[in-house]
Amino acid sequence: MSVIRAENLFYCYNKGTSFERCGVKDINLSIEKGQIIGVIGHTGSGKSTLAQLFNGLIKPDKGKVLLNDKNIWEDFADIRQVHFKVGLTFQYPEHQMFGETVYKDIAFGPINQGLSGQEVDIRVLEAMMFAKLGPELLNRSPFDLSGGEKRRVAIAGIIAMKPEVLILDEPTAGLDPVSKEGILNSICEYHRQTGNVIIFISHVMEDIARISDKVMVMDKGNLIMYDAPENIFSRREELNKMGLEVPQVTKIINKVHNKLDIKHKCVITVDGAVEDIIENMC
Ligand SMILES: Nc1ncnc2c1ncn2[C@@H]1O[C@H](COP(=O)(O)OP(=O)(O)OP(=O)(O)O)[C@@H](O)[C@H]1O
Ligand SMILES: [Mg+2]
């Protein structure tokens, strides 16, 4: 059964004005239980628009978003619940922090879900553990933290609501390699422990290749490809035409395969490359 599904989904900004811009056009797709979905696409291709449609922040002009087979806009009164069930961290979430302390920032969601004080405390501590934030940060101002820590606080704030679907819109953009690696590990750990659907938007193909079960490729508001990462990254020429690249390791192994005239198999991760080298070249 699909957890989340899009049917003929359309959304335009500034409708009926000379500034009208199409966010997404006729999107159809289904995401199954337990999957990590990577989303790639050139800037302005509609990734964030799709994320906001899934979370009910914006309403489709046409078509439906179905969460567990129910149209999320069927009953307007339920849309708040959808924000809790489909948790979304925005691009640069640190710009939207407002809590006086890390505790208050992370607790905001669970408090709005109507949980008791004790339940909120548990949710905050659990979320901080997932996001690898030490308890010593609880009473610090989120504004005094490092960029990586702020990003972790924002992610913890969403995890604390225990969403069925977690959407992360470029969670590692602009971070140093160590912070980036830490956030990727936290995402994988969260997935291992909960099995919840994760939608991960990124411009870093290596990260997409490493963690995704399936990858969506967006271009000019359209969903162009939706397939296993090996199948996506074996279509290098088509991706290049959309301004996208394949992971570095894929390019290197392709070159080696061509040079040695080995039948091509798409390699997308460093671990995959090691296996391929041992299998074909040792
Ligand atoms: N608030 C807005 N008002 C008007 N147009 C918008 C708005 N947000 C997005 N758009 C337009 O909708 C289209 C899709 O934008 P979207 O932000 O979804 O792309 P994206 O794939 O997330 O890009 P990026 O990789 O830069 O984050 C673009 O043409 C963009 O200019
Ligand atoms: Mg975006």
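(A) Broad picture of the domain arrangement of the chain. Segmentation of the chain into domains returns domain 1 (2-233) and domain 2 (247-282). Each of domain 1 and domain 2 has a C-alpha centre, and the two are 33 Å apart. Tallying the contact residues gives seven residues for domain 1 and six residues for domain 2. Elements with a minimum of two residues in the side of domain 1 that touches domain 2: α7 (205-211) and α8 (229-233). By residue number, the principal contributor to the side of domain 1 that touches domain 2 is α7, which donates four residues. Here the residues of the side of domain 1 that touches domain 2 sort into four nonpolar, no polar and three charged.

(B) Layout of the packing of helix α5 (residues 147-159) against helix α6 (residues 177-194). It is at 10 Å that the axes of α5 and α6 come closest, and there the two elements cross at 15°. As the angle between them shows, α5 and α6 are arranged roughly parallel. Of the two elements, α5 crosses α6, and the hand of that crossing is right-handed. Only Ser179, Gly182, Ile183 and Tyr190 of α6 make contact with α5, whose side of the interface consists of Gly148, Arg151, Arg152 and Ile159. Residues belonging to the contact of α5 with α6 are distributed by class as follows: three nonpolar, three polar and two charged.

(C) Looking closely at helix α4 (residues 117-130). A rise of 1.5 Å per residue sets the reference length of α4, with its 14 residues, at 20 Å; its end C-alpha atoms lie 20 Å apart and thus fit the reference within 8%. Here α4 has its buried residues at Val120, Arg123, Val124, Ala127 and Met128. Axial view of α4: buried residues confined to an arc of 130°, hence all on one face. Packed against the buried residues of α4 are α3 (102-112) and α5.

How each quantity is defined
Residues numbered from 1 in each chain as written. Chains lettered and ligands numbered in written order. Predicted model: local features only at pLDDT ≥ 70, side-chain atom pairs only at ≥ 80, totals over all residues. Domains from an automatic or database assignment. Contact = placed C-beta atoms within 7 Å. Helix = DSSP H or I, 4+ residues; strand = E, 2+ residues; numbered from the N terminus. Nonpolar A, V, L, I, M, F, W, Y, C, P; charged D, E, K, R; others polar. Axes fitted to C-alpha atoms, helices over the stretch in contact; angles between N-to-C directions. Parallel < 35°, antiparallel > 145°, perpendicular 65-115°, else oblique. Left-handed = near helix turned anticlockwise from the far one by under 90°. Expected span 1.5 Å × (residues − 1). Buried ≥ 20, exposed ≤ 12 C-beta atoms within 10 Å, placed from the backbone. Arc of directions from axis to C-beta.

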